[in-house]
Every structure is written in C-alpha cells, then in structure tokens.
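# Structural features, examined
Chain residues, written in single-letter form:
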Amino acid sequence: MLFSLHDLELRKIEFAETYAPGKIDLGEEAVQKAPLTAEGRAELLEEHHGGKQVVKDIRVVGKFATQVELRCARCVEPVVQELSGDFDLLYRPLSTMQREDDVSINEAESEIGYYKGEGVELEEVLKEQIFLALPMQILCTEECKGLCAQCGQNKNMGECSCAKPSDPRWAALAGLKDKLKQ
Ligand SMILES: [Zn+2]
Ligand SMILES: [Zn+2]
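Within each chain, residues carry numbers counting from 1 in the order of the written sequence. The naming scheme follows written order: chains are lettered A onward, ligands numbered 1 onward. Local features in this predicted model are restricted to residues of pLDDT 70 or higher, and side-chain atom pairs are both shown and tallied only at a pLDDT of 80 or more, whereas totals for entire chains, interfaces and linings draw on every residue. Side-chain numbers here rest on the full set of heavy atoms in the structure, without hydrogens or water.

## Some details on the nonpolar core
Side chains of nonpolar character tend, in soluble globular proteins, to be buried together. With 35 residues, the main nonpolar core has Ile58 and Val60 as its most contacted residues. Listed by contribution, the elements that provide at least two residues to this core are α1 (5-8), β2 (13-19), β4 (36-48), β5 (54-71), β6 (78-93) and α2 (122-133). The contact rule is simple, with two residues in contact once any of their heavy atoms fall within 4.5 Å. Once residues within four sequence positions are removed from consideration, Ile58 is found in contact with Phe3, Leu5, Leu8, Glu43, Leu44, Leu89, Leu90, Tyr91, Tyr115, Gly119 and Val120. Residues grouped as a nonpolar core are buried Ala, Val, Leu, Ile, Met, Phe, Trp, Tyr and Cys residues, joined through side-chain atoms within 4.5 Å. Exposure classes here rest on a 1.4 Å probe applied to the protein chains alone. A residue is buried below 20% of its type maximum, exposed above 50%, and partly exposed in between. Where helices and strands are cited, they refer to DSSP runs of H or I of at least four residues and of E of at least two residues respectively, numbered from the N terminus.

Below, the structure written as structure tokens:
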C-alpha cells in the first residue's frame, strides 16, 4: 500500500491491513509465520520555511503485530516469536537531506526517515519496524544445551558419544580410582 503525496494532499489515509504469512520478505534472519496486521493513519505535514519554500513530510502513525520464526542462538532450531509495536514516523523528501540545517522541526516527537519518489510504501515501513523489534538473539529454552562442538549433534535431543571421556588418560584415572576403593 502506497501513501502517495498526491492522495495525502487531498486527505489523510486510515489503514487497516493484513498481510498473509510470508508476504513480508524478512531476508535470511527471520520468516513471517503468522498474518501481519497493521493499522493506523498517514498524513501530510507541511513545513514552512522562509519565503515560499514548503517541505512536504509524510507522517505514519500506527501499530502492528505478527509472529516470526527465528533460529535459536545455541542449537539453531526454529523458534517462533510474537512481535508487536507502535510507531510514529516522519518521512521527509530525500531532496531535503542535503540541506538538513535549514529544516527545523521538533525531532523529539517523531523518528525521521526519508522518502523518494511518489510517497511512502507501508510494506517498507512495516519491514523496518519488524527488524527494529527483533530480539538480538533468542533461545529455544533458557536451558538449551546447544550443539556438540565436535560432532554437531543437538544435545537437547540426547548426548552424543563424544560427551563420554574417550581419552585414555581418563580411563587410567578411572582405573586408579577403582584401585583406591579396594
Ligand atoms: Zn536451542
Ligand atoms: Zn558430539
């Protein structure tokens, strides 16, 4: 869904969209597993600068919710994570970026991005918000035992044979222990 300058000059746009699982491409990091719902509004804000100069900003305010599949940081098994968030974003025309000094607006109010061409694409806004909401790393369970460094077996599924002491020196020690017990 495109919020075009052309439409926004006429009226603000309310949106309530649902994207089927997989519709939003999150690259290799994550997979969209549940419908993504997003609702809010987009509106045009005009910044007036000395003389006739007017900068047309697009403000997008809303919230989203979905579920994504990530990989456990220890055992790399898939983990499904609920994600949701609110946003209040301001997009300026890319052409104003070069003369940033001229532009004064209350920056604390909104996060600032830039748009080029006709307007702002809702999918791009949502994709960015999902990336921002992703946890740095995730574990399938707090107790995840991870993979064996030697054979790569997922140790949550059971111990591999490398886990047992195979070094002959350990065997010798075990033998000594038996002798001491006698
Ligand atoms: Zn794990
Ligand atoms: Zn192993």
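## Brief notes about the coordination of the zinc ion (ligand 1)
In this description, a donor is an N, O or S atom within 2.8 Å of the metal centre, a cutoff extended to 3.2 Å for sodium, potassium and calcium. Water is not part of the atom list, which can make sites seem incomplete. In the first shell of the zinc ion (ligand 1), the protein supplies Cys72 (SG), Cys75 (SG), Cys140 (SG) and Cys144 (SG), at 2.3 Å from the metal. Every donor counted, the 4 donor atoms about the zinc ion (ligand 1) form angles of 104 to 115 degrees at the centre, which fits tetrahedral coordination. Sequence spacing of the donors to the zinc ion (ligand 1): C-x2-C-x64-C-x3-C. The class of Cys140 is partly exposed, set by a relative accessible area of 31%. Square planar and octahedral sites, with four and six donors, are those where opposite donors lie more than 155 degrees apart and all other angles lie between 65 and 115, tetrahedral sites have four donors with every angle between 85 and 135 degrees, and the rest are irregular.

## Concerning the environment of Met1
Mapping Met1 onto the fold places it in the segment before β1 (2-4). Taking the C-alpha atoms as reference points, Met1 and Val120, 119 residues apart in sequence, are found 8.5 Å from one another. Every residue in contact with Met1, bar those within four places of it in the chain, is listed here: Ile13, Phe15, Glu17, Tyr19, Val120, Glu121, Leu122 and Glu123.

## Regarding the coordination of the zinc ion (ligand 2)
At 2.2 to 2.3 Å from the zinc ion (ligand 2) lie its protein donor atoms, namely Cys148 (SG), Cys151 (SG), Cys160 (SG) and Cys162 (SG). The coordination sphere of the zinc ion (ligand 2) comprises 4 donor atoms, whose angles at the metal cover 107 to 112 degrees; the geometry is tetrahedral.

## Comments concerning the pairing of β6
As paired strands, β5 and β6 are joined by 14 bridges and run antiparallel to one another. Paired with Arg71 across the two strands is Pro78, which belongs to β6. Think of it this way: DSSP has to see at least two bridges between two strands before they count as a pair. Hairpin connection between β5 and β6: a loop of 6 residues separates the two successive antiparallel strands, and Val76 in this loop has a positive phi of roughly 55 degrees.

## Quick word on the pattern of salt bridges
Put simply, a salt bridge is a Lys or Arg side-chain nitrogen that is within 4 Å of an Asp or Glu carboxyl oxygen. Going through the model one piece at a time under the given rule, you end up with 7 salt bridges. Where Lys56 meets Glu9, a salt bridge forms, and the shortest distance between an N and an O atom there is 2.5 Å. In this pair, Lys56 is assigned in strand β5 and Glu9 in the loop between α1 and β2, connecting sequence segments 47 residues apart. A salt bridge links Lys12 to Glu43; the shortest N-O distance between them is 3.6 Å. One end of the pair, Lys12, is in the loop between α1 and β2; the other, Glu43, is in strand β4, and 31 residues separate them in sequence. Owing to a relative accessible area of 46%, Lys12 belongs among the partly exposed residues under this scheme. Take Glu43: its relative accessible area is 11%, and that puts it in the buried class.

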